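Residues per chain, in single letters:
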Amino acid sequence: MAVLEKIIETATKPVSKTVDGLYNIFLGMYTVFKNTSRDPITSSYPTKMPELYSRSRHRLALNVDPDTGEHLCIACKQCERVCPDTCISVIAHPDVKAKSSQFYIDHGLCMFCGLCTEVCPTDCIINTVDFEMSEENREDLIYDIRKLTLTQEQSRAYFQMKGYKTKREKAIEKANADPSKKPPAEGGISHKAVEAALAALGVEVAA
Amino acid sequence: MAIKDADISTGLKTEELVINMGPQHPSTHGVLRLIITTSGEMITKCEPVIGYLHRGMEWLAQNRNYVQYQALVDRVDYLAGMSDSHAYVLAVEKIAELQVPQRAEYLRVIMAELNRICSHQLSLGIFMLDLGAMMGFPFYAFRDRESILSLLEEVSGQRMMFNYMRIGGVHMDVPEGWLAKLENLINDKLFHYTDEYEDIVTNNPIVAVRTKGIGVIDPKKGLDAGLTGPNIRASGVNYDVRRDKPYSLYEEFDFNVITHDAGDVFARYKCRVDEIRESCKIILQAIEKVRGLPGGEHAQADTELKAKKILPGFKCPAGESYECVESPRGELGVHLIADGTQVPYRLKWRSPSWFPTAFVPELVEGQPISDVVATFSSLDVILPDVDR
């Protein structure tokens, strides 16, 4: 009997192997065929812009105050110090305090780690979602302050997108949410100073 | 032998031929050069030449402070940046004795496992590409990888160079609705997609002929050579850093360590496919745990994400530590010596890709030249990880 079984096995093995192989090839082909009718997963880039997220890190830029249009950089040079690639150089204004006269970022060196945006105390330097920055010369990748600074509208859009608070919003919050710091009713110096600061920003504070 | 005898009889002789494979060979996963000496179709000698991608990651560490170097760490193994970051931050945290908040630990686990899935998917796609499946299969893997990469971009800001894990925690909490998105992706798509790979590849007789019984790694030799990860697990060695030397909060998760006994190219492929499913399971558990934390899906305070605010002037106390994690390629370790200044005194990477690269000659010598690419590709070596 054992001999007979062996003969049967020898005779059927190639057949079962062939059937098995054909089945699996057709299973694979069927799986591929199922995928032919679905929507394409690629997107044609220049005609359709990719969807980016608010945290996406691309070209660096400098914000202005969305309310007043005043440049936010205070020349503290925190970004210059933290940059691992040393691609940022800030030149402080010789006469005006807390203002930068020139600001260079070499985008050819930058690796878009986003450390400078984290240390910035005034939310001035940010990563925009603009990634189309190819140039013909390497020198053109060094952006100066004029090329880096965003317009007021752009700044407002980025402030909203990233959830930053403008100076005005911060001042309102401080005045509203912290009644303990409000001076006594007869009026002290600090209260007046706060009011004056808010008046300068054009803010009305609820009493 | 038969060929040699025939040559002598006709007065012809064969000479050994030296072939340079690489450094710009498309299937060398980076820039590796293999100097192959062939006798006819058979390989008699193989010599890997590395160093084309050397960037001096260890030297850079000694010239940058801890925060600055954190941004560079993702480049060590660019397909699994989260694992690199994880090893580095663990090493620094051990010396600085920082207690990472639970939420940050779970987020780290989620990100590292997501990154493992997309690294394995890329390796599967490229593996089939190297076997000759030029059209078709690689795009399935890349399709699925894309959906994971966009999730990672949403949370960290970039697709591959994340810079997400920080010393003492993670950079930011996940955005609104991100966890639900991830859960849907895994439940609706990733399990199904992985079944699709199996349908197309696993039982295909043509793939079986090209991969079964080829490039067999002996478990003893493999261990001696320092192989870790899926490469050695496919040879039957049951070793996984996540289970055997638990770091982060991996003790809390229930997952299987995948092992196969054959040790050949096919077993390594199968090991990776199965690991994708295990990673999916870990992520689903981690999502549940994050939701169970006080505060629910979203962190209420910064202290839930960072043990301590680490400023660029952070000084790590003097000390020495070695911390390893299970990267998609194996045991990835960081040996850090700190001397109490802002800059590491010395940092050494134990990168899991180096060991299989050195093991390639052992595997391919005596084999036909057509198996080199299949064998090398199945080891899933990433050259930036080798050269650092």
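The model shown is predicted, which means the values in this text are computed figures rather than measured ones.

1. Concerning the sheet that holds strand 6 (residues 319-327) of chain B
Residues and elements named next belong to chain B.
- Taken in spatial order, the three strands make up an open sheet running 6-7-8, and their pairing is antiparallel. Each edge of the open sheet carries a strand with a single partner, namely strand 6 and strand 8 (346-350). Averaged over neighbouring strand pairs, the angle between their axes works out to 10° when direction is ignored.
- Across nine bridges, strand 6 lies against strand 7 (residues 330-338) in antiparallel orientation. By the bridge assignment, Tyr322 is partnered in strand 7 with His335.
- Of the strands in this sheet, strand 6, strand 7 and strand 8 touch helix 4 (residues 81-96), which is tilted by about 150° from strand 6.

2. A look at the interface of chain B and chain A
- Of the residues lining the interface, 33 residues belong to chain B; the matching set on chain A comes to 27 residues.
- In total, about 2,400 Å² of surface goes out of reach between chain B and chain A, with carbon and sulfur atoms giving 53% of it.
- Three residues, Gln68(B), Arg143(B) and Asp199(B), lead the burial of chain B against chain A; their summed loss comes to 19% of the area buried on that side.
- At the junction of chain B with chain A, the criterion picks out one salt bridge.
- Two residues, Glu118(A) and Arg166(B), come together in a salt bridge whose shortest N-O distance is 2.7 Å.
- Elements supplying a minimum of two residues to the side of chain B that touches chain A: helix 3 (66-72), helix 6 (137-156), helix 7 (178-202) and helix 8 (205-211) of chain B.
- Tallied by class, the residues present in the side of chain B that touches chain A amount to 15 nonpolar, nine polar and nine charged.

3. Quick word on the pattern of salt bridges
Residue and element names in this part refer to chain B.
- Following the criterion strictly, the structure yields 34 salt bridges over all chains and no others.
- Linking Asp173 and Arg103 is a salt bridge whose minimum nitrogen-to-oxygen distance equals 3.5 Å. With a gap of 70 residues between them, Asp173 in the loop between strand 5 (169-170) and helix 7 and Arg103 in helix 5 (residues 102-131) connect regions that are remote in the sequence. Like Arg103, Asp173 is buried.
- Notably, a salt bridge pairs Glu252 with Lys289, separated by 3.4 Å at the nearest N-O pair. Note that Glu252 is positioned in the loop between helix 11 (241-244) and helix 12 (265-292) and Lys289 in helix 12, a separation of 37 residues in sequence.
- When its relative accessible area of 26% is taken as the criterion, Lys289 is described as partly exposed.

Conventions used here
- Residues numbered from 1 in each chain as written.
- Chains lettered and ligands numbered in written order.
- Predicted model: local features only at pLDDT ≥ 70, side-chain atom pairs only at ≥ 80, totals over all residues.
- Heavy atoms only, no water.
- Pairing = 2+ DSSP bridges.
- Helix = DSSP H or I, 4+ residues; strand = E, 2+ residues; numbered from the N terminus.
- Axes fitted to C-alpha atoms, helices over the stretch in contact; angles between N-to-C directions.
- Contact = heavy atoms within 4.5 Å.
- Buried area = accessible area lost by both parts, 1.4 Å probe.
- Salt bridge = Lys/Arg side-chain N within 4 Å of Asp/Glu carboxyl O.
- Nonpolar A, V, L, I, M, F, W, Y, C, P; charged D, E, K, R; others polar.
- Buried < 20%, exposed > 50% of the residue type's maximum accessible area, 1.4 Å probe, protein only.

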